[in-house]
Structures are given as C-alpha cells and as structure tokens.
2 protein chains.
Amino acid sequence: MLPFHGGQRQDVIFLTIKEIAQLAGVSVATVSRTINHQGKASPEVQKRVWDIMKKYDYVPNATGRSLRTTRTGMVLVLLPLLSNSFYSPIVEGIDHAARQQGYNIIVATIQMDRATEDRYLSLVRMRQVDGLISLSSTLSTAEIQAFGQQHPFVIACECPQDARISCVEIDNYKAGYDAATSLIRRGHKRIAMINFDYVSLSPPLREKGFRKALKDAGITPDESLILHTEQFDIESGAASCEKLLSLPEPPTAVFCYSDPLAIGMIHALAAHGLHAGKDMEIIGFDNTDVAGVFLPGITSVAQPTFDIGVTAFGLLREKMLDLNSTPKRVTLPHTIVYRDTAKEPK
Amino acid sequence: MLPFHGGQRQDVIFLTIKEIAQLAGVSVATVSRTINHQGKASPEVQKRVWDIMKKYDYVPNATGRSLRTTRTGMVLVLLPLLSNSFYSPIVEGIDHAARQQGYNIIVATIQMDRATEDRYLSLVRMRQVDGLISLSSTLSTAEIQAFGQQHPFVIACECPQDARISCVEIDNYKAGYDAATSLIRRGHKRIAMINFDYVSLSPPLREKGFRKALKDAGITPDESLILHTEQFDIESGAASCEKLLSLPEPPTAVFCYSDPLAIGMIHALAAHGLHAGKDMEIIGFDNTDVAGVFLPGITSVAQPTFDIGVTAFGLLREKMLDLNSTPKRVTLPHTIVYRDTAKEPK
DNA sequence: TCTCTGAAGGTAATCGTTTTCCTTTTTTCT
DNA sequence: AGAAAAAAGGAAAACGATTACCTTCAGAGA
C-alpha cells in the first residue's frame, strides 16, 4: 500500500455546486437535478441555473460525484506495450463501444512486469476505475479468477481455458489449422512452423491445429521443421530461418507465430539471395500494419481486432451492471489476408 | 455538460477505513496516519493496524481520498492515434518520469477530432486527472493558452510559437537544415523535399531549414522539387514519387516529412525497377520502428522521444506544484540515423 | 368547501478519506 | 520534584457532489 502525500491545488479558484445554487437563488438539489436532467425543476428555474453555470464556467467535480455514486465512468485497458500495432484497433473498438455508453477508457502498459501490472490493478481495487479489460496478463489462472470475482474484469485474446471469467478471442487451434491448410493447398509438402515458446496460451493451440492439418492431409509432421523461439521478434525470425536453410532438405513454406518473425525470415532469405514468396512461401500472424506495407507484402492471419474490442467492452458492461452475472466466453472468426509472401490457394 | 446516471456497485462488499479502525480498536485518524506513514502512532499500534488491513484485504478508496486531497495522482496523455510508433517511446518516457513521482498516466486518443478532444479535456476540468500532456492538439493557440492558465498543461512536439505554455520539442528548422546538408555532402545537387501540408507547425519550419541549407551550399532551390501532400501516408509518398520521376530531370535525393512518405517513395521506385539508396537516396523522419525493419533500411531523422517524454512530465510536474510558475520552452537535440536509403556522408 | 394528488423544490444525510484541533500521557530538563 | 515539551491518539470538520425524505402549494374532484 502506497502512502499518499496530498499536494493541493489551492492556486486556482473554481466554483462548487453550492455557489452556483446561491448565485441562481436555488438549492443545491435543484442544481444537481438540473445538471442530471432529472426534471423536478420548472423550465424557468432550469434555464436560470444553466445560464449561471455557463456564465461562471462551472464544471462539476468528478471526485465528489464519484464518491457519492460509486462510479467513475472510467474503464482501464491494460496492454503489454504500446508499440504493437496489433493492439491499436482493439483499443479503438473498446473505445468506440465505451463511448456509446458514456464511459471513458484509459490505457496503460504493463511491460510484462508483474509489479507494474499490480500497480494498475490497484487502480481497480481502489475504485479509481469501474472495470478492467486486459489484453495480456502476467497473472495466474487462479489470480485472474479471484480478481474477476471481486471486480468487473474481462480478458481479450489470451484467455485461460479454465478460469471462470468473461473473455473474447479467436479460435487459435483453427487458425493454425487454416494457415497450414492454405499452404498445403498451394502444393507444399515440407512446411515449417516457427512458434513462440513463452508461457503464453495461444502458441500450443496454434501448433496443435497446424499438426492436425498436416496429418489430415497425409503429411507426417517433421519435428526438425517445427521450431520454438523465446521471443517473437525479427532477430528470432532470422535466426530460425538460418536453421531451416541449413537443413539437408529445407522447407518450401513456413507458418510464423507473428509478423515480426515473418519479417526476420524475409531478411534472412534476402541475405542468401532468396525471395520470400518465390523461393519460400511465408504466412505471418496478426496482420499488423507493417504486413501490408512491407516489400514484399506479407500474407498474414488476421484477427477481427475492432470487433474483439467492441465485444470485450460489451462483456465488461454486463459485469459492471451485475458482478454476479455468469461469465461469457466469446469466439470470433479470423481470416487470412493474402499478399505476396504466400498466394491464395486455387 | 453530460448528465450522470449513477449505476451502483452494491453487489460486492468491501471495508472502509472506519471498519478497519473498529477492528483494530483505534480511531480512523490513526489508521489513516498509519497508511500514509505519518508517524504519530506507536510501532505496536501501527503493526496491529497493518495486520488488520492485510487480514481483511483493505484497500483505501481512491475517490474518498481524492476528494479530500484534491489530487488524483493521474495524468492524462493525449495522442492523435495509438497506431503510430513514433509516440510510443514518448509515452514510455512520460510514464517513467511519472512513476518516480508516484503518478499514474493514462493515455487517450483524440483521433484529430475536436469533440473527442473536448471530452477528454473535460476530464481535466472536472479534476478527474491532475494534469495534461498533449502530443497533438486541435486547439487554437488562444485556447491552448487559456487552458494552460487554468490547468497544468504541457505540449510536446508541436508547440505554437506564441503561446505562453510549457512545451518541449526539437528544433525543426535545424532538423530540415541538417537533413538537407547531409544529402548535399553526399554530393547531391538535385534534392527534393516532400512536405506535409496540413495546418501543422513543424512542416514550414523544416522546409525553411531545408531551403536555407541548399542556399548555403550555393544551390538554388528548384520549386518543382518541393512537393506538398495533404496526408503523410504511404500513398502520398508513392504519388509524389511518380510526380518526381516524371520530371524532365528527376532528383537524385529526397527528404521526406515522414517515414511513411519514404516508404511510399520506395514502393513507387520499386514499381519502376529502381532501388532506394542506389538510384535515389531518401531520408525519412521520426525514425519509426518500421524504418529499422524495412528492406532496405530507411535513413531517418530521429527525435529524442524518450527524453521528450521525461522532459514533458518534468514540466508538467512544475505546473502541478505551482500553476503560476512561468512556462518553460525546452528544445532537445535530434540525430540522423543512417541506414540503406541514404548513406552517411564522408 | 374540503380532501387528495402531483409538482416544485428545499434540508440534510451520505459517500470514504485526510487533517486540524484537541486531550491525555510520557519524557526530558532544571 | 516540578515545569515544559514531546509523543500518542481521538473527535469532528472538511472535501463536492447525489438523493432520500420532507414541505409547500396549486389544481382537481367530490
């Protein structure tokens, strides 16, 4: 628990509802009711109050209001980091939905650091915000569930299977299956996967789907073609590419866990005088904006990011209205955006 | 002014300081003083209070606290949009500095929409946050100044020349001068500039610096080589490139207002079978993360983003401590990061 | 004329803290 | 030992809104 050293703002004068009431010659109740459009006051009185408020540039104090109503109108969104264009449209979706219900969202990054995450979780506990949407958490399943029991809390994109909490995500198993199938239908037989190996939930699911697709097509997965990296960044992609190229029989297509991995692949191929899309087909994941901008354009599995955001807020809203409502689990459909590095089959 | 419909959170029970006091057999004053490390209570009493708080998982209510102290410990950061990697490190810098002073930052995007911006400005007016750092505003100079007089408010990156308000930015004139000079020293004589033409403050400054560098080198700026675009995106870059290539005597080097413009140039060159860095040298701006990732690597003018963030919070802190302190204007140094599209001179 | 109803509006309690005064007890100094 | 000072802790007044409850008054219906 942090100490709190109050530093006042005594330097600027501003009016309270009491003074507005005095100036308008009515009671504070009437002013409050006027502000909140609760009728009760006659039109003439309301007009007088509005005029005074405008004249003196009155703005109600959010803190006083929140204390009384036990609601702040703010929702916290936690991201791992800001500089990942995958999250932006999700946040926009949340914001869009929140705004329609009169909420403001605030965004904070946890930098995948537990202490930082705790600092922001305590904003919820202290009721400085009304609810929380987390796009990536360092919490254990048990902790997630416990927190969700105490506060409106929704998870997007990385939902623990067994936590009783509202969440929204794509079907990662199916996404892996679809990506592999797409490459198979292009005629590839030796297909690699570069997977992310951190304690994260989606990688094993995508890999399972990937393997199943191969088996369904009568291809036995070659373990030397399934690599795991500790980061999903460009360097890891390049390193993995080198490994694959040094095999006696390199793959002709690769499914990457992320777009940066795909970019690393392309870099490494270029260093060998090879071209992604011609000498090797590549599919990335998340359809981040660089995928559409890169040369060559990167084929990528796209998540319905904006909808994920909208849905997440909807789920949170239910929880804010009734904390005891039963948690919902929503799955949204993904797509594959075909560009240069892997053409559309057929 | 928005009405406010209180929706209660009656469903979950939690303790107040009063109940903690009762359970510990002390007064609320003692509990409060213990929480805030204000001494006064004996060590034994303090321990008893901490134990009770831990046992019952007590967390002080931020709203009650804020109402009394007139401070929320939150600072609002306004961005144009989230999906621009230029802003991320600035926000990280702000966050870093804020954290050291016990503040939390919250990020919101204004989507370059006045109504949206107003909604967030009213968070400041309602005192739901203690201060505001804006990385891009749709407000007029007069409005900016007025707001800065009433609330702690700092601007970063795009500071109106004549507003009396604290701000931090680079020297855009010098940045334009340096970029041009770099190309001149590489031996180029026909140097183009693709500038941004929106009501923004930095474009004319950078252009002035660009022109001055040419003149200082004895080169008369060729007006057909100085283009203005309404967006600073990839499409505009490609379109501008086409224009330049269709000239009787195309330039051999280009200075772009942004990295996306540079990427557009590269795309268009590639479409003509030309290579950026070989057939034409290109310098972008902001050193966004795609610049380092792209093939070829994009040479770009880099702003000291993290430091801009740290400095911005420092300036805001001064204003939060004393709203009447005289505004400061800070200029930080830029650099040029050389990659493939324009080699370092000499 | 009398009662009843609804509208208009005021009074004061309340939300959960922090902090200003107090009072009481203990320690220190002479 | 006695006075002064310091330490420990409590009671209650803020902070600025919302709202439950009450009062007054005008008009309707009998």
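Residues numbered from 1 in each chain as written. Chains lettered and ligands numbered in written order. Predicted model: local features only at pLDDT ≥ 70, side-chain atom pairs only at ≥ 80, totals over all residues. Heavy atoms only, no water.

1. Comments concerning the sheet that holds strand β10 (residues 299-302) of chain A
Residues and elements named next belong to chain A.
Then, number 1: One open sheet holds the 6 strands; their spatial order is β7-β6-β8-β9-β10-β12, and the pairing between them is mixed. Bordering the open sheet on either side are β7 (226-229) and β12 (335-337), each of which pairs with just one other strand. Strand-to-strand twist of the sheet, defined as the mean angle between neighbouring strand axes without regard to direction, takes the value 20°.
Then, number 2: The pairing of strand β6 (residues 191-196) with β7 spans 4 bridges and is classified as parallel. Within the sheet, the bridge partner assigned to M193 lies in β7 and is I226.
Then, number 3: This element, helix α8 (residues 172-185), spans β6, β8 (253-256), β9 (281-285), β10 and β12 of the sheet and lies at about 165° to β9.
Then, number 4: Packed onto the sheet, helix α9 (residues 202-216) meets β6, β7, β8 and β9 and runs at close to 170° relative to β6. (Pairing = 2+ DSSP bridges. Helix = DSSP H or I, 4+ residues; strand = E, 2+ residues; numbered from the N terminus. Axes fitted to C-alpha atoms, helices over the stretch in contact; angles between N-to-C directions. Contact = heavy atoms within 4.5 Å.)

2. Let's talk about the relation of the copies chain A and chain B
Then, number 1: Rotating chain A by 180° and translating it 0.1 Å along the rotation axis places it on chain B, where the RMSD comes to 0.1 Å. Classification of the inter-copy transformation places it as that of a two-fold axis.
Then, number 2: Mapped onto chain B, 100% of the interface residues of chain A again fall at the interface, so both copies present the same surface. (Least-squares fit on C-alpha atoms with pLDDT ≥ 70 in both.)

3. Observations concerning the protein's contact with DNA strand C
Then, number 1: Residues in close proximity to DNA strand C total 29 residues, the closest being T30 and S42 of chain A together with I17, S32 and R68 of chain B.
Then, number 2: Sugar and phosphate atoms represent 57% of those atoms of DNA strand C found within 4 Å of the protein.
Then, number 3: Residue R33 of chain A places a side-chain N or O atom 3.0 Å away from a base nitrogen belonging to DNA strand C.
Then, number 4: Within the side chain of Y58 of chain B, a nitrogen or oxygen atom sits 2.9 Å from a phosphate oxygen of DNA strand C. (Near = heavy atom within 4 Å. Polar contact = N/O pair within 3.5 Å; in protein donor to acceptor, adjacent residues only side chain to side chain.)

4. Digging into empty space enclosed by the protein
Then, number 1: All told, the structure shown has 3 cavities of 30 Å³ or more when counted by the stated rule.
Then, number 2: A volume near 110 Å³ is recorded for the largest cavity.
Then, number 3: Contributing to the lining of the largest cavity are 14 residues, with T63 and Q128 of chain A together with T63, T72 and Q128 of chain B lying nearest its centre.
Then, number 4: At the level of secondary structure, the elements contributing two or more residues to the lining of the largest cavity comprise α4 (62-69) of chain A together with α4 (62-69) of chain B.
Then, number 5: Here the second largest cavity is characterised by a volume of approximately 80 Å³. (1 Å grid on protein atoms, 1.4 Å probe; cavity = no way out; pocket = protein on both sides within 12 Å on 5 of 7 lines; lining within 4 Å. Points joined across faces, edges and corners; volume = space filled by probe spheres on them.)

5. Considerations on the environment of L321 of chain B
All names here are of chain B.
Then, number 1: Along the polypeptide, L321 turns up in helix α13 (residues 305-321).
Then, number 2: Given a relative accessible area of 55%, L321 falls into the exposed group.
Then, number 3: On a C-alpha basis, the gap between L321 and C157 in space is 23 Å, while along the polypeptide they are 164 residues apart. (Buried < 20%, exposed > 50% of the residue type's maximum accessible area, 1.4 Å probe, protein only.)

6. Notes on the domain arrangement of chain A
Accessible area lost upon the coming together of the parts is a frequently used measure of interface size.
All names here are of chain A.
Then, number 1: Here chain A is partitioned into domain 1 (68-170 + 306-332) and domain 2 (172-302).
Then, number 2: Measuring from the centre of the C-alpha atoms in domain 1 to the corresponding centre in domain 2 gives 31 Å.
Then, number 3: On the side of domain 2, 11 residues touch domain 1, which itself brings 10 residues to the contact.
Then, number 4: Together, the buried faces of domain 1 and domain 2 total about 760 Å²; carbon and sulfur atoms form 51% of this surface.
Then, number 5: For the pair domain 1 and domain 2, the number of links is 0 salt bridges.
Then, number 6: For the pair domain 1 and domain 2, the number of links is 5 residue pairs in polar contact (both at pLDDT 80 or more).
Then, number 7: In terms of residue class, the side of domain 1 that touches domain 2 is made up of 5 nonpolar, 3 polar and 2 charged. (Domains from an automatic or database assignment. Buried area = accessible area lost by both parts, 1.4 Å probe. Salt bridge = Lys/Arg side-chain N within 4 Å of Asp/Glu carboxyl O. Nonpolar A, V, L, I, M, F, W, Y, C, P; charged D, E, K, R; others polar.)

7. Quick look at the packing of aromatic side chains
Between two aromatic rings, the relevant description is the distance of the centres plus the angle of the planes.
Residue and element names in this part refer to chain A.
Then, number 1: Inspection of the entire model under this criterion finds 19 aromatic pairs over all chains.
Then, number 2: Consider the rings of F210 and F255, whose centres lie 6.1 Å apart with planes at 25°: the pair is stacked. Of this pair, F210 sits in helix α9 while F255 sits in strand β8; the two residues are 45 residues apart in sequence, bridging distant segments of the chain.
Then, number 3: By the ring-pair criterion, three or more aromatic residues cluster together here, those being F196, Y198, F232 and Y257. (Phe/Tyr/Trp six-rings, centres within 6.5 Å; stacked < 30°, edge-to-face > 60°.)

8. Quick look at the interface of chain A and chain B
Then, number 1: Listed per partner, the contact involves 73 residues of chain A and 73 residues of chain B.
Then, number 2: Buried surface at the junction of chain A and chain B, both sides included, amounts to about 6900 Å², of which 57% is carbon and sulfur.
Then, number 3: Counting the contacts that link chain A with chain B gives 0 salt bridges.
Then, number 4: The interface formed by chain A and chain B contains 13 residue pairs in polar contact (both at pLDDT 80 or more).
Then, number 5: Of all the secondary structure elements, the ones that give two or more residues to the side of chain A that touches chain B are α4, α5 (87-100), β2 (104-109), α6 (114-125), α11 (259-271) and α12 (289-293) of chain A.
Then, number 6: Its residues assigned to classes, the side of chain A that touches chain B comprises 34 nonpolar, 24 polar and 15 charged.

9. Some details on the sheet that holds strand β6 (residues 191-196) of chain B
Residues and elements named next belong to chain B.
Then, number 1: The sheet built from 6 strands is open, its strands ordered β7-β6-β8-β9-β10-β12 with mixed pairing. The open sheet has two free edges, formed respectively by β7 (226-229) and β12 (335-337), since each of these has just one partner strand. Between one strand axis and the next, the sheet turns by 20° as a mean value, whatever way the strands run.
Then, number 2: Across 3 bridges, the pairing between strand β8 (residues 253-256) and strand β9 (residues 281-285) is parallel. Among the inter-strand pairings, F255 is bridged to a residue of β9, identified as I283.
Then, number 3: In the packing of helix α9 (residues 202-216) onto the sheet, the strands contacted are β6, β7, β8 and β9, and the crossing angle to β6 comes to about 170°.
Then, number 4: The strands touched by helix α10 (residues 234-245) within the sheet are β6, β7 and β8, with β7 carrying the most contacts at an inclination of about 150°.

10. Some thoughts on the nonpolar core
Then, number 1: Core analysis: the largest hydrophobic core is formed by 96 residues, its most contacted members being L76, I105 and F313 of chain A together with L76 and I105 of chain B.
Then, number 2: Non-local contacts of L76 of chain A, meaning those with residues more than four positions away in its chain, are made with I106, A108, Y120, L123, V124, V129, G131, L132 and I133 of chain A. (Core = buried A, V, L, I, M, F, W, Y, C linked by side-chain atoms within 4.5 Å.)

11. Some details on the packing of helix α8 (residues 172-185) of chain B against α9 of chain B
Residue and element names in this part refer to chain B.
Then, number 1: For the pair α8 and α9, interaxial distance at closest approach is 6 Å and the crossing angle is 40°. Judged by the inter-axis angle, α8 sits oblique to α9. Here the hand of the crossing between α8 and α9 comes out right-handed. Residues N172, Y173, G176, Y177, A180, T181 and I184 of α8 form the contact with α9, whose participating residues are S202, L205, R206, K208, G209, F210, K212, A213, L214 and D216.
Then, number 2: By residue class, the composition of the contact of α8 with α9 is 8 nonpolar, 5 polar and 4 charged. (Parallel < 35°, antiparallel > 145°, perpendicular 65-115°, else oblique. Left-handed = near helix turned anticlockwise from the far one by under 90°.)

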